[in-house]
Structure formats: structure tokens, C-alpha cells
Amino acid sequence: MSAPNSRQLVAGMVGGGPGADIGKTHRYAMRLDGHYDLQAGIFGRDPRTSSDIAAHLGVPGERNYGSVEQMAAAEAQREGGVDLVVVATPNDSHFEIARAFLEKGISVVCEKPLTQDSATAAELVRIAEENDAILAVPHCYSAYAMVRQAARMVRNGELGAIRFVDVEHASGWAATPLEDTGHKQAKWRTNPDIAGFPSVVGDLGTHAFHLLRYITGLEAQRLSGRLQAFVPGRRVFDNATVELELTGNVPARLWASMAATGHNHGLRIRIFGEKGSLEWQHEDPHHLTVQDLAGATTILTHGLGTLHDDASRLTRVGLGHPEGFLEAFANFYSDLAEVLRARRDSSPLPERDLSFPTGIDGLIGVQFVEAVAASHHDDSAWKVPASALQKAAV
Ligand SMILES: NC(=O)c1ccc[n+]([C@@H]2O[C@H](COP(=O)([O-])OP(=O)(O)OC[C@H]3O[C@@H](n4cnc5c(N)ncnc54)[C@H](O)[C@@H]3O)[C@@H](O)[C@H]2O)c1
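Residues numbered from 1 in each chain as written. Predicted model: local features only at pLDDT ≥ 70, side-chain atom pairs only at ≥ 80, totals over all residues. Heavy atoms only, no water.

S.K.: I'm lost on the site of the ligand in this one. Help?
M.R.: Near the ligand, the surroundings consist of 25 residues, among which G17, D21, N91, K112 and Q185 are the closest. G17 places a polar main-chain atom, nitrogen or oxygen, 2.7 Å from an oxygen atom of the ligand. In the environment of the ligand, an oxygen atom lies 2.5 Å from a nitrogen or oxygen atom belonging to the side chain of Q185. Considered on its own, the ligand offers 860 Å² of accessible surface; in the complex 91% of this is hidden by protein. Listing elements by their share of the shell around the ligand, those giving two or more residues are β1 (9–15), α7 (184–189) and α9 (199–216). It is α7 that provides the largest number of residues to the shell around the ligand, a total of 4 residues. Taken together, the residues of the shell around the ligand sort by class into 9 nonpolar, 9 polar and 7 charged. (Near = heavy atom within 4 Å. Polar contact = N/O pair within 3.5 Å; in protein donor to acceptor, adjacent residues only side chain to side chain. Areas by Shrake-Rupley, 256 points an atom, 1.4 Å probe, with all protein chains shown as cover. Helix = DSSP H or I, 4+ residues; strand = E, 2+ residues; numbered from the N terminus. Nonpolar A, V, L, I, M, F, W, Y, C, P; charged D, E, K, R; others polar.)

Here you go:
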């Protein structure tokens, strides 16, 4: 058994080039608690800008690679090679990039949707298992303290049996034909070859669906979906409404949109139980609103010492000091670091049932997208997601 050590985990990244949206969030979040040292990567498709960014980030020139295959081979062989690679490229390249590292036994954080179809998503899960690597998917909304509080309250039965769940990730960022203006992220998110034709379901619907599953602990038994393209001429669907039947026949509804006019981020969840209800909104992440049967409202706040341990452990600056998106991403990375370190040092694994989303969650997300698309094409007929079929077969 190797001795536990305090060495930082060595991280690599593919994606996160100039003007990239989420790559820099990963980098900030990895730095926040000092668990990771970014030492290798390919920062965009263009080698020159990739090397400029590598230099700016302090990544040594010889570890700024020209191809994923080269990076995976060199880092797997290298003494002190990467413990983890973050894949933050558009959806169509997730599979090949993640596979290259997982096959070498290198753990991967792969952006959502995990891949473009459930066969390849299942393949990644299998390769990760076979090579003893971790595959994690950053649905980081589940790493907010008040979301962990909500999940713990539901697990503890504080709401009683769940009766109904209403979740939406309805943003207005692409309520106009932004793709025609050269907007980088709109361009690929409205290209069916890259984002898939139910684009908004993979992009925002999977976040909402994961949040619902994470807080309630319930899975989709069947669903009925309808897709729309609100912006004329758009080649993908930009709005989706989904009716769900969850474990125990609990009804739920999910709305995902990138064309919800005027909405900013637009992520919100409400959960109704027989004894009370909960509401959490991403744009006010510090607060969890709890209402009892009589209608009395309690607002729980991030940083309160009276929160459940799952939530109270997740503050860096304490009650009254705002924390937000970067900190939630950092919570994801800190929980992941505990597991990566335990494996590296052969030390005991932390026991947490409310922790980071894995490849299985990524796979269930892709199966959700496929079931919504299938339902839409069958005039919103009820469909059983493959995740529920597989569960029934076990
Ligand atoms: N978890 C979240 O909250 C969240 C938020 C936003 C985006 N995302 C996901 O992150 C991914 C990236 O989205 P984005 O909005 O940052 O995209 P983006 O277009 O802003 O950035 C993508 C980056 O990847 C680079 N790239 C593309 N192909 C590459 C390759 N083969 N090798 C190396 N670099 C390559 C591009 O040059 C660019 O720098 C998507 O899958 C998206 O769904 C997740």
C-alpha cells in the first residue's frame, strides 16, 4: 500500500480555448480549493492559440499536445502524468476524447450531454469500469449547498411522500436567431450534427433532469415529450416540455428552453410532498424556501449552522457572504478530489451518498434525451426511457 501523500492531483484539459464558455469555469473551480494543478492540455482546435493559452496558464510547452491520442499516450507513460482530464469541447467530440483517456486508465470529467447517443455513453461507462478510471459528469447544480440540503430533507422524509415535481431550465439566451450573427456557442448548439436535433434537451434538459433525480432520488419510469423550434428557420428544437412519471407513479413536469424570452439562466425546481414543499432557484442559490401544510414559509440560508451536514460542510466563507456558481463547481471538484486521492493513495474512500454525478448519470441523461425525441416523433406518446427498461430487467 502506498503512503498517503498530499501532492496535488495533476489535471489536463481538452477544450477551453479562447472565448470558450465553460472551460474557464472548470479551471477557476479546480483552483479554488487547491486540489488540482493544471499541467497538460489541448486548449482549442488551433495549435497556435492552444500554445498561447498553455503558456498563459503555466502549462509546460512539452505538455501542450497536438492531438488527443498523443496526449493520452504520453501522459499515461509519464511519471507524475495526469490523474484527471477535463473534456470541455462541444458535444460531438466527447466520446472520442473521453475514450482515449479512459482506455489508458486516466479518469475523466466529461461535459454534458455525455455523448450523442446512449450506445456510446454506455461504452464510456464500460471502458471506465474496465480500466478502473473514474468518469464524472459536471451537472454541478447538484453541488450547491442548498441543493444538497434539499436532497437530504427529501431523503429524511421531511416533506413526506413526494406528490409532484416541477423543474425548469428555461433560459432566454437564444430567443433570437443568434446563430446568424456568428455567435460561437449558438452556432454549434443550433447545428444538429454537433448538438443533436433535440439540442435544448441535451443542453439544458439534462441539467434539469439530473437536478430532479438528485434531489428526489426518483427515476423516470416513462415520459411524454413535445419539442418546438420557436425561432423561425432554426435547425434544432429550442423548447421542450416533458411530462414524466417517476418511481412510485409520482408525476412531474420539466420545461427546457433556450428561447424563453427575457429569462436569464432560468433554472428552478419545486417539490411538493404530503407534509410540505421546497423551492430552489439558481439565480438565488443561497436560499431554499420551505413551506409547511399550513402555508407557513421558512427560508433556509447557505451558511446556517443548523443545516444538514451535507449542506453545512459546503461553505468557504460562512453565513452572509455570497457564494455561487464557481463555488458549486468547486464543490464538485473537491468531492471528486477526495475520491481520486483515496484511489491514488489506497486510502479509505469517503462515504457520501450525496456526491458528484458519474458516467451512469451521464448515460441516464442521454437516455432521457432519446426518450423525449422518440416521444415527440410519436405525437408525444408515452415512452419508457432505456434507463427504466434496464432497471426492470435487473
Ligand atoms: N456543466 C455546465 O454547466 C455547462 C455549461 C456550458 C457548457 N457545457 C458543456 O460544455 C461543452 C463546451 O461548451 P462551451 O459552451 O464551453 O463551448 P465553446 O464553443 O464555448 O468552447 C469549446 C472549446 O472547445 C474547443 N475544441 C473544440 N473541439 C476541440 C478538439 N477536438 N480539441 C481541443 N479543443 C477543442 C474549442 O476550440 C473551444 O475552445 C459542451 O458539451 C456543453 O454542453 C456545460
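Continuing now.
S.K.: What am I meant to see in the pattern of salt bridges here?
M.R.: Applying the stated rule across the entire model yields 27 salt bridges. When the shortest N-O distance is used, the salt bridge between E179 and R234 registers 2.8 Å. Highlighted residues: E179 in the loop between β6 (162–170) and α7 and R234 in the loop between β7 (220–228) and β8 (239–246), separated in sequence by 55 residues. Just as E179 is buried, R234 falls in that class too. Salt bridges here are not isolated pairs; linked through shared partners, they connect D33, R316 and E323. (Salt bridge = Lys/Arg side-chain N within 4 Å of Asp/Glu carboxyl O. Buried < 20%, exposed > 50% of the residue type's maximum accessible area, 1.4 Å probe, protein only.)

S.K.: Hey, could you run me through the domain arrangement of the protein in this one?
M.R.: It is common to give the size of an interface as the accessible area lost on bringing the parts into contact. Here the domain parsing of the protein yields domain 1 (9–136) and domain 2 (144–316 + 359–387). Facing the 20 residues of domain 1 at the interface are 18 residues of domain 2. Of all residues in domain 1, the largest losses of buried area upon contact with domain 2 belong to N91, K112 and S118, amounting jointly to 30% of the total for that side. Here domain 1 is connected to domain 2 by 2 salt bridges. Where R316 meets D33, a salt bridge forms, and the shortest distance between an N and an O atom there is 2.9 Å. Between domain 1 and domain 2 we count 7 residue pairs in polar contact (both at pLDDT 80 or more) in total. It is helix α5 (residues 118–130) that provides the largest number of residues to the side of domain 1 that touches domain 2, a total of 4 residues. (Domains from an automatic or database assignment. Contact = heavy atoms within 4.5 Å. Buried area = accessible area lost by both parts, 1.4 Å probe.)

S.K.: Can you walk me through the side chain of H286 in this structure?
M.R.: Looking at where H286 falls in the secondary structure, it is placed in the loop between β11 (276–281) and β12 (287–292). Judged by relative accessible area, H286 falls into the buried class, the value being 13%. A polar atom in the side chain of H286 sits 2.9 Å from the backbone nitrogen of E323. Every residue in contact with H286, bar those within four places of it in the chain, is listed here: M146, L300, T301, H302, H321, P322 and E323.

S.K.: When you look at the packing of aromatic side chains in this model, what are you seeing that I'm missing?
M.R.: Aromatic rings in a pair are described by how distant their centres are and how their planes are angled relative to each other. According to the stated counting rule, one finds 10 aromatic pairs in the structure shown. For the ring pair Y141 and Y144, a centre distance of 6.5 Å and an interplane angle of 10° mean the geometry is stacked. Each member of the pair, Y141 as well as Y144, carries the same accessibility label: buried. Judged by centre distance (6.3 Å) and plane angle (70°), the rings of F197 and F237 are edge-to-face. Remark: F237 occurs in the loop between β7 and β8 and F197 occurs in the loop between α8 (192–195) and α9; sequence separation between them is 40 residues. Above the face of the F209 ring, R213 is positioned so that its terminal group lies 6.0 Å from the ring centre. Sitting over the ring of W382, R222 keeps its end group 4.2 Å from the ring centre. (Phe/Tyr/Trp six-rings, centres within 6.5 Å; stacked < 30°, edge-to-face > 60°. Lys NZ or Arg CZ within 6 Å of the ring centre and 35° of its normal.)

S.K.: What should I look at first to understand the state of the cysteines in this one?
M.R.: Covalent bonding between the sulfur atoms of two cysteines is what defines a disulfide. In total, this model carries 0 disulfides according to the counting rule given. The cysteine C110 is free of any disulfide, with C140 supplying the nearest cysteine sulfur at 13 Å. With a relative accessible area of 3%, C140 lands in the buried category. (Disulfide = S-S within 2.5 Å.)

S.K.: Even after reading the chapter, I still don't get the packing of helix α1 (residues 23–32) against helix α11 (residues 325–345), so can you show me in this structure?
M.R.: In a pair of packed helices, the angle between the axes and the distance between the axes together describe the arrangement. Two elements in contact, α1 and α11, have axes separated by 8 Å at closest approach and are oriented at 65°. Here α1 lies roughly perpendicular to α11, going by the angle between them. For the pair α1 and α11, the sense of crossing is right-handed. Of α11, the residues touching α1 (which contributes T25, H26, Y28, A29, M30 and L32) are F325, L326, E327, F329, A330 and Y333. Residue composition of the contact of α1 with α11, grouped by class: 9 nonpolar, 2 polar and 1 charged. (Axes fitted to C-alpha atoms, helices over the stretch in contact; angles between N-to-C directions. Parallel < 35°, antiparallel > 145°, perpendicular 65-115°, else oblique. Left-handed = near helix turned anticlockwise from the far one by under 90°.)

S.K.: Sorry, what's going on with the packing of helix α3 (residues 68–77) against helix α4 (residues 94–102) here?
M.R.: Close contact between α3 and α4 brings their axes to 9 Å; oriented N to C, the two are set at 20°. Regarding the angle of α3 to α4, the classification is roughly parallel. As for the relative orientation of α3 and α4, their crossing is right-handed in sense. On the side of α3, the interface is formed by V68, M71 and A72, while α4 contributes I97, A100 and F101. Split by residue class, the contact of α3 with α4 holds 6 nonpolar, no polar and no charged.

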